[in-house]
Amino acid sequence: MDLVLHLADDYLLDKVWARLLPLNDHLGQSLSTSANFTSITYFQQSAWPRDYIPRQIVSLSVITFLGIHCLYFLFAWLSYKFIFNHEMMRHPRFLENQVKQEIQCSLRAFPMMIILTLPWFQAEVMGYSKLYDNVEDYGWAYLALSVPFFLLFTDYGIYWVHRLLHHPNIYKTFHKPHHKWIIPTPFASHAFHPVDGYLQSVPYHLFIFIFPLHRGLYLGLFVFVNCWSILIHDSDMVTGHALEKVINGPAHHTLHHLYFTVNYGQYFTWADRVGGSYRQPESSLDPMLEIKKQS
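No experiment lies behind these values; they were computed from the predicted model shown.

Asks: Mind showing me how you'd approach the overall build of the protein chain here?
Replies: Looking only at helices and strands, the protein chain has 10 helices and 4 strands in total. Looking at the protein chain as a whole, 48% of its 295 residues qualify as buried. For the protein chain, the share of sequence-separated contacts (at least 6 apart) that also reach a separation of at least 24 residues comes to 72%. Of the side-chain charges in the protein chain, 20 are positive and 22 negative, and the distance between the mean point of each set is 9 Å.

Asks: In this structure, what is going on with the side chain of E244? I would like to understand it.
Replies: Examined against the element boundaries, E244 turns out to sit in the loop between α7 (215-231) and α8 (250-259). Although E244 is buried, it forms no salt bridge, and the closest oppositely charged side chain is K245 at an N-O distance of 6.7 Å. When neighbours within four sequence positions are excluded, E244 is seen to be in contact with V238, T239, H252, T269, Y278, Q280 and P281.

Asks: Just checking my understanding: could you explain the state of the cysteines for this structure?
Replies: Here, disulfide denotes a covalent bond that connects the sulfur atoms of two cysteines. Summed over all chains, the structure comprises 0 disulfides. No disulfide involves C70; its sulfur sits 12 Å from that of C227, the nearest cysteine. Look at C227 and you get partly exposed, because its relative accessible area is 23%.

Asks: What's the story with the side chain of S235 in this structure? I'm lost.
Replies: Within the fold, S235 resides in the loop between α7 and α8. When its relative accessible area of 4% is taken as the criterion, S235 is described as buried. Within the structure, S235 has its side chain in polar contact with the backbone oxygen of P184 (distance 2.5 Å). Setting aside chain neighbours within four positions, we find S235 in contact with F84, M88, I183, P184 and T254.

Asks: Explain the nonpolar core here, please?
Replies: In summary, soluble globular proteins display a tendency toward joint burial of nonpolar side chains. L60 and F187 are the most contacted members of the largest nonpolar core, which has 35 residues in total. When contributions to this core are tallied by element, the ones reaching two or more residues are α1 (2-20), α2 (53-82), α3 (98-125), α8 and α10 (288-294). If one sorts the elements of this core by residue count, α3 sits on top with 9 residues. Discounting residues that sit within four places of it in the chain, F187 has contacts with Y72, A76, W77, Y80, V99, E102, I103 and S106.

Asks: I'm lost on the environment of M89 in this one. Help?
Replies: Summarising the element assignment, M89 is placed in the loop between α2 and α3. Sequence-wise, M89 and M288 are 199 residues apart; in three dimensions their C-alpha atoms are separated by 9.9 Å. Among all residues touching M89, those that are not within four sequence positions of it are Y80, F84, F94 and V99.

Asks: Looking at this structure, how should I read a nonpolar patch on the surface?
Replies: Nonpolar side chains collect at one region of the surface, where L7, Y11, L12, V16, L20 and L21 lie side by side and expose about 580 Å² of accessible area between them. Position of L7 relative to the elements: it lies in helix α1. Among the residues examined, L7 registers a relative accessible area of 39% and is labelled partly exposed.

Asks: How should the pattern of salt bridges be read in this particular structure?
Replies: Opposite charge on two side chains allows them to pair when their charged atoms are near. Summed over the entire model, instances satisfying the criterion amount to 8 salt bridges. With a closest N to O distance of 2.7 Å, D133 and R215 form a salt bridge. Of this pair, D133 sits in the loop between β3 (131-132) and α4 (139-165) while R215 sits in helix α7, and the two are 82 residues apart along the sequence. Overall, the relative accessible area of 39% leaves D133 in the partly exposed class. Look at R215 and you get buried, because its relative accessible area is 4%. Close ionic contact of K293 with E290 constitutes a salt bridge, the shortest N to O distance being 3.7 Å. Here K293 pairs with E290, and both are found in helix α10, just 3 residues apart, close to one helical turn. Looking at E290, the relative accessible area reads 35%, which means it is partly exposed. Three or more residues are tied together by salt bridges with common partners; here these are D9, D10, D14, R50 and R55.

Rules and cut-offs
- Residues numbered from 1 in each chain as written.
- Predicted model: local features only at pLDDT ≥ 70, side-chain atom pairs only at ≥ 80, totals over all residues.
- Heavy atoms only, no water.
- Helix = DSSP H or I, 4+ residues; strand = E, 2+ residues; numbered from the N terminus.
- Buried < 20%, exposed > 50% of the residue type's maximum accessible area, 1.4 Å probe, protein only.
- Contact = heavy atoms within 4.5 Å.
- Lys, Arg positive; Asp, Glu negative; His and termini not counted.
- Charge placed at Lys NZ, Arg CZ, Asp CG, Glu CD.
- Salt bridge = Lys/Arg side-chain N within 4 Å of Asp/Glu carboxyl O.
- Disulfide = S-S within 2.5 Å.
- Polar contact = N/O pair within 3.5 Å; in protein donor to acceptor, adjacent residues only side chain to side chain.
- Core = buried A, V, L, I, M, F, W, Y, C linked by side-chain atoms within 4.5 Å.
- Patch = residues over 30% accessible without salt bridge, like charges linked within 9 Å, V, L, I, M, F, W, Y side chains within 5 Å.
- Areas by Shrake-Rupley, 256 points an atom, 1.4 Å probe, with all protein chains shown as cover.

Honestly, that's just the spatial picture; any functional story needs more than this.
Structure, rendered in structure tokens:
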């Protein structure tokens with residue numbers, strides 16, 4: 001997020017802050033610095049410089065608010081329009097006005113999820129993470145290997161967070177709202193209780209404070225994991241493909257929403273296999289069969 005904030009400051013926010021809170025109402029040249037970047041700017045200055053923490057928090061809040069809404073509506077709509085099988089809406093367990101309810105639930109969750117996530121983003125902006133800019137610092141091999149390493153680390157972390165959220169003592173309060181959607185659409189991807197959504201995001205943030213990761217690659221992976229969350233909520237039960245026993249895809253997650261205590265993983269099936277919670281997708285479990293019975 002420090003990269004996004006830096007670019008936003010360069011191209012927009014410096015001007016916005018200078019207009020909102022001007023410094024002595026004059027033009028000048030300054031060297032703007034932060035924990036990770038240096039920029040030379042030539043325009044009216046703000047009384048709140050880039051490294052002023054209240055400014056960073058406000059800027060990060062606005063950027064995150066706009067970003068999550070854009071990601072959610074763009075990619076959920078694309079998946080809903082072009083991938084999701086709309087016949088699934090005839091399933092007897094598909095709720096009345098469910099898509100509207102999923103969107104409303106997501107929009108209610110976003111503000112608190114952003115507040116809970118801000119300390120991670122602020123620590124990142126202040127230079128406490130292990131994000132780096134130059135590929136030469138760790139080499140091209142590390143850059144390539146850091147992708148599967150990131151996915152494996154976060155997958156295993158999310159697996160255990162997800163299993164914990166199914167513990168009877170906390171399930172009803174924090175995770176049951178997401179399981180309201182027995183037959184989910186892509187718009188259910190972010191329809192969580194905010195604490196639920198935040199806890200499942202913690203492994204993504206934690207990774208960069210433990211292991212080095214290229215700053216641009218991290219941003220790309222951050223977008224990818226949000227898109228993947230949307231994709232696996234399309235209720236697709238395509239089975240029999242080559243990677244079915246390796247990749248935790250839409251079919252696996254559809255079974256999780258149907259049966260609750262299986263397939264907790266996010267990207268891969270190995271954690272469920274080790275944890276004894278794996279259930280193999282089969283054509284006989286396809287919720288579309290219920291719809292065909294009614295026809």
